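Now for the letters of each chain:
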Amino acid sequence: MNCRSEVLEVTVEARQVEEAMLALLHTILLHRSTGKFHYKKEGTYSIGTVGTQDIDCDFIDFSFVRVTSEELDRVIRKAVSEFKDALSNSGSDGVGQISLEFYQKKKSRWPFSDECIPWEVWSIKVNVVNLANEQERQICREKVGEKLGEKVINVVEVINRHEYLPKMPTQSEVDNVFDTSLKDVQPYLYKITYQITDSLGTSVSTTMRRLIKDTLAL
């Protein structure tokens with residue numbers, strides 16, 4: 001099985017990191033979650049509904065839709081908060097990557113542990129810029145909102161392609177495909193990882209600064 005890999009890249013202010021990551025990760029998970037499975041007998045089941053919620057950002061002119069699940073939101077926020085703290089404490093120029101990997105388990109014979117086979121990975125590269133004044137920050141607020149809108153459209157287009165998804169499991173195998181630990185929603189099995197890099201994505205940050213200066217010149 002080939003693992004699909006998608007890369008998104010954003011340039012933000014430090015105060016925008018958390019909201020930008022939440023917007024993108026929640027958008028992906030919205031399309032990679034189902035309602036809870038309710039089995040009547042083996043091979044027969046119903047799927048619960050998934051509620052959605054509009055979220056307005058405080059530091060970006062942007063709103064996004066997420067699954068109405070406080071449990072899932074807490075898990076995502078914890079991972080994003082750890083990434084943001086690592087980014088700010090790294091002493092580097094503010095460059096990092098957070099990844100959302102979807103996988104399925106393949107049972108192994110005792111004494112070996114189950115094999116986790118990734119089938120889709122989303123990597124979000126983050127460049128943090130420092131801005132000089134409130135006017136630049138206001139322009140960045142608008143520009144980042146526009147860019148996030150483009151990224152969300154890109155995510156939806158990718159997910160709507162007819163590509164591999166794990167087949168619906170039987171009751172005995174549901175934990176090999178879905179995370180069943182949450183009480184109100186059932187995402188595909190996933191894990192979130194991050195890494196901090198040492199050098200600034202100069203071309204990307206320069207592009208953002210040029211966008212801001214061009215706007216100021218109008």
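The model shown is predicted, which means the values in this text are computed figures rather than measured ones. (Residues numbered from 1 in each chain as written. Predicted model: local features only at pLDDT ≥ 70, side-chain atom pairs only at ≥ 80, totals over all residues. Heavy atoms only, no water.)

Draft legend 1. Molecular detail of the packing of aromatic side chains. Under the counting rule described, the total for this entry stands at nine aromatic pairs. Geometrically, the ring pair formed by phenylalanine 37 and phenylalanine 178 is tilted, given 5.2 Å between the ring centres and 55° between the ring planes. Of this pair, phenylalanine 37 sits in strand S3 (residues 37–41) while phenylalanine 178 sits in the loop between helix H3 (134–159) and strand S9 (186–187); the two residues are 141 residues apart in sequence, bridging distant segments of the chain. By relative accessible area, which is 1% here, phenylalanine 178 ends up buried. Cluster of aromatic residues (ring-pair linked, three or more members): Phe37, Tyr39, Tyr45, Phe102, Trp119, Tyr164, Phe178 and Tyr188. (Phe/Tyr/Trp six-rings, centres within 6.5 Å; stacked < 30°, edge-to-face > 60°. Helix = DSSP H or I, 4+ residues; strand = E, 2+ residues; numbered from the N terminus. Buried < 20%, exposed > 50% of the residue type's maximum accessible area, 1.4 Å probe, protein only.)

Draft legend 2. Looking closely at the packing of helix H1 (residues 17–30) against H3. At their nearest, the axes of H1 and H3 sit 10 Å apart, and the two run at 20° to each other. With respect to H3, the element H1 is oriented roughly parallel. Taken as a pair, H1 and H3 cross one another with a handedness that is right-handed. Facing Ala20, Ala23, Leu24, Thr27 and Ile28 of H1, the residues of H3 in contact are Leu148, Lys151, Val152, Val155 and Ile159. (Axes fitted to C-alpha atoms, helices over the stretch in contact; angles between N-to-C directions. Parallel < 35°, antiparallel > 145°, perpendicular 65-115°, else oblique. Left-handed = near helix turned anticlockwise from the far one by under 90°. Contact = heavy atoms within 4.5 Å.)

Draft legend 3. Layout of the pattern of salt bridges. Counted by the stated rule, this structure contains 15 salt bridges. For glutamate 6, the salt bridge identified is with arginine 161, shortest N-O distance 3.7 Å. Of this pair, glutamate 6 sits in strand S1 (residues 4–13) while arginine 161 sits in the loop between H3 and S9, and the two are 155 residues apart along the sequence. By relative accessible area, which is 43% here, arginine 161 ends up partly exposed. Between arginine 137 and glutamate 134 there is a salt bridge whose closest N-O contact spans 3.2 Å. With arginine 137 and glutamate 134 both in helix H3, this residue pair falls three residues apart, about one helical turn. Classification of arginine 137 as partly exposed rests on a relative accessible area of 22%. Here glutamate 134 falls in the partly exposed class, since its relative accessible area comes to 46%. (Salt bridge = Lys/Arg side-chain N within 4 Å of Asp/Glu carboxyl O.)

Draft legend 4. Highlighting the side chain of arginine 66. By the element assignment, arginine 66 lies in strand S6 (residues 63–67). Overall, arginine 66 belongs to the buried group, its relative accessible area being 4%. Leaving out residues up to four positions away in the same chain, arginine 66 has contacts with His26, Leu30, Gly51, Thr52, Gln53, Ile55 and Asp73.

Any functional reading would require information beyond the geometric quantities listed.
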